[in-house]
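Residue-level structural notes
Listed below are the residues making up each chain.
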Amino acid sequence: MEETKLFLITYFAALLGVIPPGLVNMTVAKTCVEKGKKNGLYVALGATIIVIIQATVAVLLAKYIFGNEFVQNILLRAGLVIFILLAVYFFIQAKKRGGIEHKSRKANSNSIFKGMLVAALNIFPVPYFVAIAGALHIGVGATYDWSRIIAFILAASMGSFTTLYVYVLSFIRIEKQAEAFSKYSNYFMTALMLILVIVTLLRIYYS
């Protein structure tokens, strides 16, 4: 019963955490538009694999990360560099002319690796899951309760995948506006990365 309650709380926390437009879900949406629904689904699956790893790392290291300023500062500085590079990349992509290249709409393993790479670049789930684990008192005690840890990891990954799958179902409908969506989504991603750069700088400064 306790594991069920923990599962549901973590599931909906992970589901809601992925709803706002971000690096991973916008990549899923762009892939759906440019390469088809199956490739978008594969990106979501690849991202979910990384979420499983991130949730595992977060819950196993919660007792060390939670309240550790040194580790937090390292994560923030690493994120700052990544966000700056991504902002430059998306801005360059937005400036390119010629529309979308529909190279292949056949689903392949490259989309899974793409999802894994994009999710790996997104470091925010780790502190997010650490905070959830701390609030639910998972992995922060003297010993690890593996039944609760497994429930937490499954819920985090399934909640994230659910939202990404909704993005797959929703954004495939705008295929007729694919070129405009691709262009402006790159501008949106650039703005998002800049906002994250500012937020990260403020967090580094005030920490």
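Source: prediction; values computed, not measured. (Residues numbered from 1 in each chain as written. Predicted model: local features only at pLDDT ≥ 70, side-chain atom pairs only at ≥ 80, totals over all residues. Heavy atoms only, no water.)

A short note on the packing of helix H3 (residues 37-60) against helix H6 (residues 109-121)
When two helices pack together, their arrangement is captured by the angle between the axes and the distance separating the axes. Two numbers describe how H3 lies on H6: the axes approach to 7 Å, and their chain directions differ by 45 degrees. The angle between H3 and H6 places the two elements in the oblique class. The two elements H3 and H6 cross, and the hand of that crossing is right-handed. Of H6, the residues touching H3 (which contributes Asn-39, Tyr-42, Val-43, Gly-46, Ala-47, Ile-49, Ile-50 and Gln-54) are Ser-111, Ile-112, Lys-114, Gly-115, Met-116, Ala-119 and Ala-120. Grouping the amino acids of the contact of H3 with H6 by side-chain chemistry returns 9 nonpolar, 5 polar and 1 charged. (Axes fitted to C-alpha atoms, helices over the stretch in contact; angles between N-to-C directions. Helix = DSSP H or I, 4+ residues; strand = E, 2+ residues; numbered from the N terminus. Parallel < 35°, antiparallel > 145°, perpendicular 65-115°, else oblique. Left-handed = near helix turned anticlockwise from the far one by under 90°. Contact = heavy atoms within 4.5 Å. Nonpolar A, V, L, I, M, F, W, Y, C, P; charged D, E, K, R; others polar.)

Side note on the packing of aromatic side chains
On inspection of all chains with the given rule, the structure shows 4 aromatic pairs. On the basis of an interplanar angle of 15 degrees and a centroid distance of 6.2 Å, the ring pair of Phe-7 and Tyr-11 is categorised as stacked. Note that Phe-7 and Tyr-11 are positioned in helix H1 (residues 2-18) at a spacing of 4 residues, about one turn of the helix. Residue classification places Phe-7 among the partly exposed residues on the basis of a relative accessible area of 22%. Accessibility expressed as a relative area gives 17% for Tyr-11, which makes it buried. With a centroid separation of 6.2 Å and 85 degrees between ring planes, the pair formed by Phe-129 and Phe-152 is classed as edge-to-face. Residue Phe-129 is located in helix H7 (residues 125-135), and its partner Phe-152 is located in helix H8 (residues 146-171); the two are separated by 23 residues in the primary sequence. A network of ring pairs unites the aromatic residues Phe-7, Tyr-11 and Phe-12 as a single cluster. (Phe/Tyr/Trp six-rings, centres within 6.5 Å; stacked < 30°, edge-to-face > 60°. Buried < 20%, exposed > 50% of the residue type's maximum accessible area, 1.4 Å probe, protein only.)

Remarks on the confidence of the model for the protein
Low-pLDDT portions of the prediction should not be read for the details of their coordinates. Overall, the predicted model of the protein reaches an average pLDDT of 78, with 79% of residues at or above 70. Here helix H4 (residues 62-65) stands out as the element of the protein with the lowest mean pLDDT, 70, in contrast to H3, whose mean of 91 is the highest. (pLDDT = per-residue confidence, 0-100.)

Remarks on helix H2 (residues 23-35)
In this model, H2 (13 residues) spans 17 Å end to end at C-alpha, consistent with the 18 Å of a helix rising 1.5 Å per residue. With 12 of 13 residues buried, H2 lies mostly within the body of the structure. Looking at H2, one finds that the buried residues are Leu-23, Val-24, Asn-25, Met-26, Thr-27, Val-28, Ala-29, Lys-30, Thr-31, Cys-32, Val-33 and Glu-34. Once H2 finishes, Gly-36 follows within two positions and takes phi at roughly 105 degrees, a positive value. (Expected span 1.5 Å × (residues − 1).)

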